[in-house]
Amino acid sequence: TVRMENKSPTTALEKWGFPLQELYRLAFTFYKQNSGKAIHLSYEDNLKLIAFKQQAQLGPFNSKDAPALGVLDVIGRDRQQHWQLLGDITREQAQEGFIDLLDTMCSAFRPYIEAVRQNRDANLKDELRRMELEKETRERREREQQQLLEEGYKEELQRRQLQDALNKQTYQQFKLYAEKQFPGNPEQQAVLIHQLQREHYHQYMQQLHLQQQQQQQSHPTTQPNSNHNEQQQQMQDSEKFPQQELQSSSINNNSSSNCSPGSVNLATAMEGLQLNEQQQQQEEQQQQQHEVEEYDDYVMIRPAKIWTRPDIEQFKTEVSAGDGDGVITIGHGDTVTVRVPTNLNGKCIFWEFATDNYDIGFGIYFEWAKPITNEVTVHVSDSDEDEDCVDEDYLSTTEDLESGSLSHDRSVQAAAAAAQNAAAVAAASASKAPISIIVPIYRRECYNEVYVGSHSYPGEGVYLLKFDNSYSIWRSKTLYYRVYYER
């Protein structure tokens, strides 16, 4: 008979360091792989191990379920007898008996199990260490990302607060200017106000950046306590934006992209802005009152209607077939002004124009003066004579090879003229008739299609059709145009 030691699965688990099921699988695998090699057991010991294996796998022996044996099947009969000797022990006890018997008969079994356990523990420790490192790395990245998000949000919030404060200061002034440029057109007015405010913000931030660079170069050891007075001076300078800052805004348009607003201390800028808010409001009220007085001198005029049509070749042929007055060669750097007086029998002016191969700047102004002649006249002038009529958006979009460095210089004049338009007209009214802008000068791609437009007479005066080639430093343009009125 096989004598079972009174050991529970818990004892085996504590003794071997494995769950009983796992330990039994390791023992059975070791027995199968090494039987007849590292393990040399007697016939009787093999019968005992096989009996434990059958009991653990199938439970107690049952003669009804046992397969029939042959007369000469001695081994099968011996195996059934040893299986019957195990009686009604549980499967867990049979697994434990297999483990203990194998340990007793084979001295190499215990070191094998110990090696497996150590390898398992080492792998488990490595896995736990790897998981811990991954967790730490993930948490560190999350903290860094959260910190970046918080810093970016804080910087963006400061930037928006500063921009909102600047927009609040300049809104009324820019609104009056936009109403003069696009009377009766709220959409165009809103677009122009937005452009001016954005340019104002970038110019202000760039000015702060340049001043900080100059301070660092001239006073490397400047103490922080001096920043207060410096910021006050910076804000006083920035408050002169419509008269002074815009003069350099177009020049620094490209360089401002290299000067990120984020590189300037936004909190310091906000502090300087708030310190001068009261003074700025007083100046704004005075400026607003002054501009309202100037604005009252103008008559509200309707916007012009402009459209295009594709029959450009036919149009050029018709104009060329005339007396030749409708074909003009505009030299590089020149501006041609076609003066068209209002007709007593007319109520609306129409115009059509196109060019060969290249674009041309075009705008329409109205001179509030009684015409001295009914004839259409053409005047050619260089860029300096017409600089007060140049629109800032027209030149800000002409940075190309054709313009060269000329557009860079002209942008200063254009920005100054745009910001000081009301003052310039008022000053000029002492020596010549006032002029209203109907269509600002923009470059038109009139070499692909015919540009056509009309405008209802606002009163008695002279229409000034401006064909501007002042931005070109080497190309002359051939212009085809036709002007007539409707009764």
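Residues numbered from 1 in each chain as written. Predicted model: local features only at pLDDT ≥ 70, side-chain atom pairs only at ≥ 80, totals over all residues. Heavy atoms only, no water.

Break down the overall build of the protein for me, citing the residues and quoting the values.
When its secondary structure is counted, the protein shows 15 helices and ten strands. Accessible area of the protein: about 27600 Å², with a carbon and sulfur share of 48%. (Helix = DSSP H or I, 4+ residues; strand = E, 2+ residues; numbered from the N terminus. Areas by Shrake-Rupley, 256 points an atom, 1.4 Å probe, with all protein chains shown as cover.)

Can you tell me about the UniProt feature "coiled-coil region" (unreviewed entry) in the protein, naming the residues and giving the values?
Feature annotation in UniProt places "coiled-coil region" (unreviewed entry) on residues 121-151, given in this structure's numbering. Across residues 121-151, the secondary structure splits into 100% helix and 0% strand, with the terminal C-alpha atoms separated by 44 Å. (UniProt positions renumbered as here; feature names shortened; annotations may be inferred.)

So what's going on with the sheet that holds strand β9 (residues 462-468)? Which residues, and what values?
As summarised here, the arrangement of the five strands in space is β6-β3-β9-β5-β7, forming an open sheet in which the pairing is antiparallel. Looking at which strands have only one partner, the edges of the open sheet turn out to be β6 (377-382) and β7 (435-444). Taken pair by pair, the neighbouring strands of this sheet meet at an average axis angle of 20 degrees, ignoring direction. Where strand β5 (residues 360-367) and β7 come together, seven bridges link them in antiparallel fashion. (Pairing = 2+ DSSP bridges. Axes fitted to C-alpha atoms, helices over the stretch in contact; angles between N-to-C directions.)

Residues and numbers for the pairing of β9, please.
Burial runs high along β9: seven of the seven residues are buried. Both faces of β9 are covered, namely the face carrying Val462, Leu464, Lys466 and Asp468 and the face carrying Tyr463, Leu465 and Phe467. One ladder, built from seven bridges, connects strand β3 (residues 334-341) with β9; its direction is antiparallel. Considered in β9, the bridge of Val340 is made with Tyr463. Judged from the seven bridges that link them, β5 and β9 form a sheet pairing that is antiparallel. By the bridge assignment, Tyr365 is partnered in β9 with Leu464. (Buried < 20%, exposed > 50% of the residue type's maximum accessible area, 1.4 Å probe, protein only.)

Describe in detail the environment of Glu367, supporting the description with residues and values.
With respect to the helices and strands, Glu367 occurs in strand β5. Between the C-alpha atoms of Glu367 and Gly459, which are 92 residues apart in sequence, the distance is 9.9 Å. Not counting residues within four places of it along the chain, the set of residues in contact with Glu367 comprises Arg339, Ala433, Pro434, Ile435, Gly461, Val462 and Leu464. (Contact = heavy atoms within 4.5 Å.)

I'd like to hear about the sheet that holds strand β4 (residues 348-355), residue by residue, with values.
Pairing between the strands of a sheet comes from backbone hydrogen bonds, and it takes one of two forms, parallel or antiparallel. Strand order in the open sheet formed by five strands is β1-β8-β4-β10-β2, and the pairing between neighbours is antiparallel. Only two strands of the sheet have a single partner each, and these edge strands are β1 (305-309) and β2 (327-330). The average undirected angle you get between the axes of adjacent strands in this sheet is 25 degrees. Both β1 and strand β8 (residues 450-456) contribute to a ladder of five bridges, which runs antiparallel. In the strand pairing of β8, Trp307 is matched with Val452.

Lay out a nonpolar patch on the surface with the relevant residues and their values.
A contiguous nonpolar patch, built from Leu124, Leu128 and Met131 and spanning about 300 Å² of accessible area, is present on the exposed surface. Judged by its relative accessible area of 48%, Leu124 falls in the partly exposed class. (Patch = residues over 30% accessible without salt bridge, like charges linked within 9 Å, V, L, I, M, F, W, Y side chains within 5 Å. Salt bridge = Lys/Arg side-chain N within 4 Å of Asp/Glu carboxyl O.)

How would you summarise the packing of helix α2 (residues 20-34) against helix α6 (residues 109-181) if you had to cite specific residues and measurements?
Running from N to C, α2 and α6 point in directions that differ by 125 degrees, and their axes come no closer than 11 Å. On the basis of their axis angle, the class for α2 and α6 is oblique. Note that α2 runs across α6; the crossing there is right-handed. Between α2 and α6, the contacting residues are Glu22, Leu23, Leu26, Ala27 and Phe30 on the first element and Phe109, Tyr112, Ile113, Val116 and Arg120 on the second. For the contact of α2 with α6, the per-class residue count stands at eight nonpolar, no polar and two charged. (Parallel < 35°, antiparallel > 145°, perpendicular 65-115°, else oblique. Left-handed = near helix turned anticlockwise from the far one by under 90°. Nonpolar A, V, L, I, M, F, W, Y, C, P; charged D, E, K, R; others polar.)

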